[in-house]
Amino acid sequence: MSLTGPAMRLTIFIGEDDQWHHHPVYTEIVHRAHHAGLAGASVMRGIEGYGKSSRVHTTRILSLSEDLPVAIVIVDTDDKIRDFLPQLDELVSEGLVILDPVEVVRYVGRTPQEPA
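Our subject in this report is the structure included herewith. Throughout, a residue's number is its position along its own chain's written sequence, starting from 1. Confidence filtering applies because this is a predicted model: local features only for residues at pLDDT of at least 70, side-chain atom pairs given and counted only at 80 or more, and all residues used for totals across whole chains, interfaces and linings. Water and hydrogen atoms play no part in the side-chain values, which are based on all heavy atoms of the structure.

### A word on the overall build of the protein chain
- Counting from the N terminus, the helices are the DSSP runs of H or I reaching at least four residues and the strands are the DSSP runs of E reaching at least two. When helices and strands are tallied, the protein chain shows two helices and eight strands.
- Element order for the protein chain, N to C, with α for helix and β for strand: β-β-β-α-β-β-β-β-α-β.
- Exposure classes here rest on a 1.4 Å probe applied to the protein chains alone. A residue is buried below 20% of its type maximum, exposed above 50%, and partly exposed in between. With 116 residues in all, the protein chain has 30% of them scored as buried.
- Residues are treated as being in contact if the distance between any of their heavy atoms lies within 4.5 Å. Pairs at least 24 apart in sequence give 74% of the contacts found in the protein chain among residues at least 6 apart.
- The protein chains shown are the only cover counted for residues, whose accessible areas, like all others here, come from Shrake-Rupley with a 1.4 Å probe. A total accessible area of about 8300 Å² is found for the protein chain, and carbon and sulfur atoms account for 53% of it.

### Some words on helix H1 (residues 25-35)
- All buried positions along H1 are accounted for by Val25, Glu28, Ile29, Arg32 and Ala33. Each buried residue of H1 lies within a common arc of 130° when the element is viewed along its axis, so the set occupies one face. Relative to its buried face, H1 has exposed residues pointing more than 90 degrees away, namely His31, His34 and His35.
- Each element contacted by the buried residues of H1 is listed here: strand E1 (5-15), strand E2 (19-20), strand E3 (23-24), strand E4 (41-45), strand E7 (69-76) and helix H2 (78-91).
- Gly37 lies just past H1 and shows a positive phi near 80°. The arc in question is traced by the directions running from the helix axis to the C-beta atoms.

### Looking at the pattern of salt bridges
- Here, a salt bridge means any Lys or Arg side-chain nitrogen found within 4 Å of an Asp or Glu carboxyl oxygen. On inspection of all chains with the given rule, the structure shows five salt bridges.
- Of the charged contacts, one joins Arg45 and Glu16 as a salt bridge, the two residues approaching to 2.9 Å between their closest N and O atoms. One end of the pair, Arg45, is in strand E4; the other, Glu16, is in the loop between E1 and E2, with 29 residues separating them in the sequence.
- Residue Glu90 pairs with Arg32 through a salt bridge whose shortest N-O separation is 2.8 Å. Within this pair, whereas Glu90 is found in helix H2, its partner Arg32 is found in helix H1, the two being separated by 58 residues in sequence.
- A cluster of three or more residues bridged by salt bridges with shared partners is formed by Glu28, Arg32 and Glu90.

### A closer look at the side chain of Glu28
- Turning to its location among the elements, Glu28 is positioned in helix H1.
- In this structure the side chain of Glu28 is engaged in a polar contact, spanning 3.0 Å, whose partner is the side chain of His23.
- Each residue touching Glu28, except ones within four places of it in the same chain, is listed here: Trp20, His23 and Leu91. We define a polar contact as two N or O atoms separated by no more than 3.5 Å, with the added condition that, inside protein, one atom must be a possible hydrogen donor and the other a possible acceptor, whereas residues neighbouring each other in sequence contribute only through side-chain atom pairs.

### Quick notes on the environment of Phe13
- Topologically, Phe13 is positioned in strand E1.
- Here the alpha-carbon distance between Phe13 and Leu96, two residues 83 residues apart in the chain, equals 5.0 Å.

### As for the nonpolar core
- Joining through side-chain atoms within 4.5 Å is the link that ties buried Ala, Val, Leu, Ile, Met, Phe, Trp, Tyr and Cys residues into a set, and such a set is a nonpolar core. Ile12, Ile29, Ile74 and Phe84 are the most contacted members of the largest nonpolar core, which totals 17 residues.
- Beyond its immediate chain neighbours, meaning those up to four positions away, Ile74 contacts Met8, Arg9, Leu10, Ile12, Ile29, Ala33, Leu38, Gly40, Ala41, Ile81 and Phe84.

### What to know about the sheet that holds E1
- When DSSP locates at least two bridges between a pair of strands, those strands are taken to pair. Taken in spatial order, the four strands make up an open sheet running E4-E7-E1-E8, and their pairing is antiparallel. The open sheet has two edge strands with one neighbour each: E4 and strand E8 (96-104). Across the sheet, the mean angle separating the axes of adjacent strands is 20° when strand polarity is ignored.
- Across nine bridges, E1 lies against E8 in antiparallel orientation. If you follow Met8 over to E8, its bridge partner there is Pro101.
- Here H1 sits on the sheet and contacts E1, E4 and E7; the angle it forms with E7, its principal contact strand, is near 5°. Note on method: axes are straight lines fitted to C-alpha atoms, helices fitted across the in-contact stretch only, with angles between N-to-C directions ranging 0 to 180 degrees.

Spelled out as structure tokens, the structure:
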């Protein structure tokens, strides 16, 4: 797959402890994005943050917070991203979902290795 030029970035901010059928919501989102054939998805764990609840979550030792912020970032064409959005309706019960237009300058993957 080749992806260059105008594209859309989907970013989903949720809590690390958010669950979907006894496993993390971020895992379900990544698997669904993969199944949908989206170009790629990455999950990044935050070290500190707060959302609509205004409760600060942090990794600082004195706070020992659980439910740290997590961001899932997916980039693909506008059409593919918008087709994927309805899947988030059932998965993201608390959080923030945003879209940003981006320009893909380079999208290169690894070459599959031959079996030994």
